[in-house]
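These are the residues of each chain, in order.
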Number of protein chains: 2
Amino acid sequence: MGKGKDTGGKKVSPLAPSRFATLPPLAGVRLATVAAGIRYAQRTDVLLAVFAPGTQVAGVFTKSRTCSAPVVWCRDKLKGGNARALVVNSGNANAFTGKVGQDGVREIADSAAAIVGCKPGDVFMASTGVIGEPLPTKKITNVLAGLVENTAAGHWRAAAEAIMTTDTYPKLVTAQAMIDGTKVTINGIAKGSGMIAPDMATMLSFVFTDAALPASVLQELLSAGVGPSFNSITVDSDTSTSDTLLLFATGKGARHTEITKASDKKLNEFRRALDKVLLDLALMVVKDGEGAQKLIRVDVSGAENNAAAKRIALSIANSPLVKTAIAGADANWGRVVMAVGKAGEAADRDKLKISFGGQVVAEKGQRAAKYNENLATKAVSGRDVEIGVELGLGKGEARVWTCDLTHDYIDINGSYRS
Amino acid sequence: MGKGKDTGGKKVSPLAPSRFATLPPLAGVRLATVAAGIRYAQRTDVLLAVFAPGTQVAGVFTKSRTCSAPVVWCRDKLKGGNARALVVNSGNANAFTGKVGQDGVREIADSAAAIVGCKPGDVFMASTGVIGEPLPTKKITNVLAGLVENTAAGHWRAAAEAIMTTDTYPKLVTAQAMIDGTKVTINGIAKGSGMIAPDMATMLSFVFTDAALPASVLQELLSAGVGPSFNSITVDSDTSTSDTLLLFATGKGARHTEITKASDKKLNEFRRALDKVLLDLALMVVKDGEGAQKLIRVDVSGAENNAAAKRIALSIANSPLVKTAIAGADANWGRVVMAVGKAGEAADRDKLKISFGGQVVAEKGQRAAKYNENLATKAVSGRDVEIGVELGLGKGEARVWTCDLTHDYIDINGSYRS
């Protein structure tokens with residue numbers, strides 16, 4: 001993640017929710033947090049989740065070629081499909097830390113396994129913070145026994161706070177769904193802030209359900225769900241070494257019909273609820289992008305295909321010139337033209353239509369006949385900005401979200417390690 | 001280009017050369033500039049260059065799918081290989097201006113051709129400034145007759161100034177070379193500033209020589225020369241709609257041996273001189289990147305191949321997190337690890353070696369044993385920063401340049417059109 005700066009005293013993002021979701025207890029999940037002094041003083045930085053026996057797990061991870069030690073560990077252990085514990089620390093990413101980093105992961109897994117009473121391979125892990133600093137492993141293993149004793153069915157807010165780095169608010173979502181007449185619950189938490197351009201999974205996010213679903217089904221649901229959620233957001237085009245999204249299913253909620261395939265229609269409602277949880281968490285991440293003052297939604301339609309639409313949408317969402325213009329409430333649609341043009345996908349200048357907040361500002365190869373500067377400026381002046389691009393070539397569509405690029409991003413990242 | 005803001009009163013880049021090159025007259029080239037009021041008051045914004053009969057031309061242009069009307073024109077007229085005039089305006093990019101924009105180009109070509117006494121197809125053109133605003137064509141055609149009368153063999157500095165937008169200094173380079181014992185001269189000018197991520201050519205740059213070389217030879221030299229120069233710089237990853245690099249050869253210098261092939265060994269010295277002119281101009285562009293306080297050179301070696309090396313180098317050079325860290329003199333090599341990891345090219349964490357200013361900071365999958373924070377900080381504290389990445393996989397190499405990302409970039413681009 002490369003993140004780990006203390007945000008104490010930093011003002012909360014203006015895009016933060018007015019109040020945080022209160023997550024209900026989830027059968028089979030117990031949580032505890034502690035301030036272990038990984039990097040900051042007086043700030044919780046280790047989260048332990050203990051799962052009931054039989055809990056199944058799925059995950060998606062960064063595609064980075066320089067991924068962190070815990071990502072390597074999780075990817076391997078996911079093959080088993082079983083999870084009994086999750087250990088997360090903030091303040092240190094344990095990325096590019098060599099053998100020391102790998103050994104640290106192993107020590108934490110062994111230690112947690114002994115305390116929880118499971119196999120080391122059932123312990124999952126994630127780290128977020130500075131890249132390249134050796135992980136102070138002992139600070140984590142030393143607190144595990146105490147954490148286990150303090151686990152409780154609640155503590156969701158504390159859990160979301162313990163994984164924050166430059167985040168200005170905790171990210172929590174809950175949803176319920178029926179599986180063939182039986183109610184199940186999904187709780188999710190996430191952290192993000194900078195180095196956000198997920199390429200497979202994203203940031204750290206952990207989603208938990210009391211439903212009884214096998215790992216293979218969870219994996220299929222999760223892999224499909226990340227496309228339009230975490231993989232459709234970007235803060236700064238920089239993909240983290242540590243992106244980790246894990247989905248745990250304890251099977252300790254009310255008993256429901258057995259499900260063995262992700263394509264089972266009885267899962268439709270659950271799938272929708274899960275997708276919504278993933279999207280809500282992803283949007284919370286982008287709304288808390290470093291320095292973010294505005295949420296920008298980019299809708300591209302009429303592209304040759306969906307992949308082309310997504311590349312064009314990301315070209316717009318990652319353009320520093322588009323993002324600084326929006327920050328300055330400048331309806332500079334010419335920069336959207338530029339970003340479409342540089343994406344490397346088919347585009348026809350004379351078929352292109354661009355809109356801000358639903359208002360067409362450019363079409364037929366030039367400024368729209370009805371263009372109104374005041375209305376265009378108004379469309380980019382609020383907290384929520386919508387950019388629409390219709391290419392007029394095919395049926396490809398994509399929607400991505402980003403935030404504006406402001407002075408705070410420079411401030412936060414100019415002296416991050418110090 | 002999407003650029004066109006008045007830089008009056010803005011301080012000159014600290015990376016500007018201490019003095020500007022004085023370009024000698026070039027046989028067969030006459031220049032004149034005027035303040036036509038395209039966008040700003042009291043600022044020269046139209047450049048006319050008139051070439052001797054027989055002048056040959058080559059060019060490379062933006063790969064943008066939404067390129068400007070003058071780019072479309074030049075690309076077409078280049079087929080003839082002959083040039084008699086060049087008309088450049090700043091303040092308006094004539095991009096995404098529809099039929100009005102195309103008609104404007106035609107009117108300017110017709111008007112210049114009538115005045116100079118040539119075919120419209122021998123008139124080349126480039127425009128830089130805001131995208132999407134209709135070009136005030138008449139303001140240009142009205143001044144052409146007066147410009148022709150004022151052309152002179154000098155005026156190079158004025159020419160470089162007339163094409164500036166958010167540039168804080170004019171960009172001029174001159175070089176000499178021998179072709180089989182005969183001395184020839186190359187003069188070049190350029191403008192850049194923001195929206196700089198050339199993908200074939202770059203920004204506006206015009207290079208002139210008095211050598212007698214056919215268009216086919218010029219084109220081969222130019223296409224090869226842009227790779228390690230203009231196509232190896234980036235300010236903000238945003239590729240312009242207007243990138244244009246034209247090379248004119250008047251053949252009016254001292255008579256030299258006839259050259260018919262770019263591979264002729266007699267051209268070696270000329271080729272080296274041309275390559276140096278292109279590189280010097282490109283470096284001047286990146287040193288004047290919007291808000292630039294530091295020049296960052298990224299050297300990648302040991303990649304699978306040269307293309308992979310270049311993608312990795314650009315991934316580093318375009319990373320907002322790397323660029324803000326350098327701006328803040330933070331030796332955050334973890335972000336270089338991240339940028340290597342996200343590039344999508346083969347990389348092996350444990351073979352990767354990273355250096356700042358020649359000092360190894362990370363190797364063998366972790367922080368270098370001899371890492372010294374003070375020395376690392378010193379290496380990123382000056383005006384010139386060198387980032388070295390050795391992948392240890394193959395023989396692929398690349399060198400690219402960028403600048404740091406500072407508050408001034410946000411200021412310049414937050415209210416650019418207003």
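Conventions used here
- Residues numbered from 1 in each chain as written.
- Chains lettered and ligands numbered in written order.
- Predicted model: local features only at pLDDT ≥ 70, side-chain atom pairs only at ≥ 80, totals over all residues.
- Helix = DSSP H or I, 4+ residues; strand = E, 2+ residues; numbered from the N terminus.
- Rg over C-alpha atoms; globule rule 2.2 N^0.38 Å.
- Buried ≥ 20, exposed ≤ 12 C-beta atoms within 10 Å, placed from the backbone.
- Contact = placed C-beta atoms within 7 Å.
- Pairing = 2+ DSSP bridges.
- Axes fitted to C-alpha atoms, helices over the stretch in contact; angles between N-to-C directions.
- Least-squares fit on C-alpha atoms with pLDDT ≥ 70 in both.
- Domains from an automatic or database assignment.
- Parallel < 35°, antiparallel > 145°, perpendicular 65-115°, else oblique.
- Left-handed = near helix turned anticlockwise from the far one by under 90°.
- Nonpolar A, V, L, I, M, F, W, Y, C, P; charged D, E, K, R; others polar.
- Expected span 1.5 Å × (residues − 1).
- pLDDT = per-residue confidence, 0-100.

Next up on the list: the overall build of chain A. A tally of helices and strands in chain A yields 11 helices and 16 strands. For a compact globule of 418 residues, the expected C-alpha radius of gyration is about 22 Å, and chain A comes in at 22 Å, within 12% of that figure. Dimensions of chain A along its principal axes, counting C-alpha atoms only, are 70 × 55 × 40 Å. In chain A, which comprises 418 residues, the proportion classed as buried is 62%. Expressed as a percentage of contacts within chain A between residues at least 6 apart in sequence, the contacts between residues at least 24 apart total 82%.

All names here are of chain B. As summarised here, the arrangement of the five strands in space is S3-S10-S8-S7-S6, forming an open sheet in which the pairing is mixed. The outermost strands of the open sheet, each flanked by one partner alone, are strand S3 (56–61) and strand S6 (171–179). On average, adjacent strands in this sheet sit at an angle of 15° to one another, irrespective of strand direction. Pairing between S6 and strand S7 (residues 182–191): nine bridges, direction antiparallel. Residue pairing across strands places alanine 175 opposite isoleucine 186, the latter belonging to S7. Docked against the sheet, helix H1 (residues 69–77) engages S3 and strand S10 (244–249), running at close to 135° with respect to S3. Strands S3 and S10 of the sheet are contacted by helix H5 (residues 215–226), whose axis makes an angle of about 30° with S3.

Superposition record for chain A on chain B: RMSD 0.0 Å, screw rotation 180°, translation along axis 0.0 Å. Those values place the two copies in the arrangement expected of a two-fold rotation axis. The position closest to the rotation axis in chain A is occupied by the C-alpha of A:His407, lying 2.9 Å away. A symmetric contact is evident, with 98% of the interface residues of chain A recurring at the interface of chain B.

At the interface, 56 residues of chain A touch 55 residues of chain B. Listing elements by their share of the side of chain A that touches chain B, those giving two or more residues are helix H2 (98–116), helix H8 (320–327), helix H9 (333–342), strand S14 (366–367) and helix H11 (407–414) of chain A. Top contributing element to the side of chain A that touches chain B by residue count: H9(A), with eight residues.

Before going further, it helps to spend a moment on the domain arrangement of chain A. Residues and elements named next belong to chain A. Domain assignment breaks chain A into domain 1 (29–287) and domain 2 (295–414). Placing a centre on the C-alpha atoms of domain 1 and another on those of domain 2 gives a separation of 33 Å. In this assembly, 10 residues from domain 1 lie in contact with 11 residues from domain 2. Those elements that provide at least two residues to the side of domain 1 that touches domain 2 are strand S9 (233–234) and helix H6 (268–287). No other element matches H6, which puts three residues into the side of domain 1 that touches domain 2.

Residues and elements named next belong to chain A. Most of strand S16 (residues 396–403) is tucked away: six of the eight residues are buried. Strand direction decides the pairing type here: S9 and S16, joined by two bridges, are parallel. Looking across to S16, one finds that threonine 234 is bridged to threonine 402. Across seven bridges, strand S11 (residues 295–303) lies against S16 in antiparallel orientation. Paired with leucine 295 across the bridge in S16 is cysteine 403.

All names here are of chain B. The geometry of helix H2 (residues 98–116) relative to helix H3 (residues 137–150) is characterised by a closest axis approach of 10 Å and an angle of 15° between their N-to-C directions. By the criterion of interaxial angle, the relationship of H2 to H3 is roughly parallel. In this structure, H2 crosses over H3, and the sense of that crossing is right-handed. Two secondary-structure elements touch here, H2 through Gly104, Glu107, Ile108, Ser111, Ala112, Ile115 and Val116 and H3 through Thr137, Ile140, Thr141, Leu144, Ala145 and Val148.

A word on the sheet that holds strand S1 (residues 29–34) of chain A. All names here are of chain A. On the basis of which strands lie adjacent, the open sheet formed by four strands has the order S1-S2-S4-S5 and mixed pairing. Edge positions in the sheet fall to S1 and strand S5 (123–130), since each of these pairs with one other strand and no more. Between one strand axis and the next, the sheet turns through 10° on average, direction left out of account. The strands that helix H3 (residues 137–150) touches are S1, strand S2 (46–51) and strand S4 (85–92); relative to S2, the one it contacts most, it runs at about 50°.

Residue and element names in this part refer to chain A. Packing of helix H1 (residues 69–77) against H2 brings their axes to within 9 Å, and their N-to-C directions diverge by 50°. By the angle class used here, H1 and H2 are oblique. The two elements H1 and H2 meet at a crossing, and its hand is right-handed. Residues Ala69, Pro70 and Trp73 of H1 lie in contact with H2, whose contacting residues are Gly101, Gln102, Gly104 and Val105. For the contact of H1 with H2, a count of residues per class yields four nonpolar, three polar and no charged.

On to helix H5 (residues 215–226) of chain A, then. All names here are of chain A. The end-to-end C-alpha separation of H5 is 16 Å, in line with the 16 Å expected for 12 residues at 1.5 Å each. Where H5 is concerned, the buried positions are Ala215, Val217, Leu218, Gln219, Leu221, Leu222, Gly225 and Val226. Considering only its buried residues, H5 is in contact with strand S3 (56–61), strand S10 (244–249) and H6.

The next thing to look at is helix H11 (residues 407–414) of chain B. B:Tyr409, B:Ile410, B:Ile412, B:Asn413 and B:Gly414 are the residues of H11(B) that are buried. In the core, the buried residues of H11(B) are packed alongside H8 and H11 of chain A.

So, about the environment of A:Val50. Residue and element names in this part refer to chain A. Its location among the elements puts valine 50 in strand S2. By the C-beta count within 10 Å, which is 22 here, valine 50 ends up buried. In this structure valine 50 touches Arg30, Ala85, Val116, Val148 and Thr151, once residues within four positions along its chain are discounted.

All names here are of chain B. In the Ramachandran plot, glutamine 42 falls in the positive-phi region, its phi being about 50° despite a non-glycine side chain. Examined against the element boundaries, glutamine 42 turns out to sit in the loop between strand S1 (29–34) and strand S2 (46–51). You can call glutamine 42 exposed: it has 8 C-beta atoms within 10 Å. Of note in this structure, asparagine 94 is not a glycine but carries a positive phi near 45°. Position of asparagine 94 among the secondary structure elements: in the loop between strand S4 (85–92) and H2.

Residue and element names in this part refer to chain A. On average, chain A scores 87 in pLDDT, and the residues at 70 or more come to 94%. Predicted confidence is poor over residues 1–8, with pLDDT under 50, and the contacts of this stretch with residues over four places away or in other chains come to 41 contacts. Across the whole predicted complex the pTM is 0.77, and at the interface the ipTM reaches 0.74.

This part is about the environment of B:Arg19. Relative to the helices and strands, B:Arg19 is located in the segment before S1. For the pair B:Arg19 and B:Val322, spaced 303 residues apart in sequence, the C-alpha separation works out to 30 Å.

Before going further, it helps to examine the environment of B:Asp122. Residues and elements named next belong to chain B. For aspartate 122, the position within the fold is in the loop between H2 and strand S5 (123–130). Sequence-wise, aspartate 122 and alanine 112 are 10 residues apart; in three dimensions their C-alpha atoms are separated by 9.6 Å. Not counting residues up to four positions away in its chain, the partners in contact with aspartate 122 are Asn82, Ala83, Arg84, Ala85 and Ala113.

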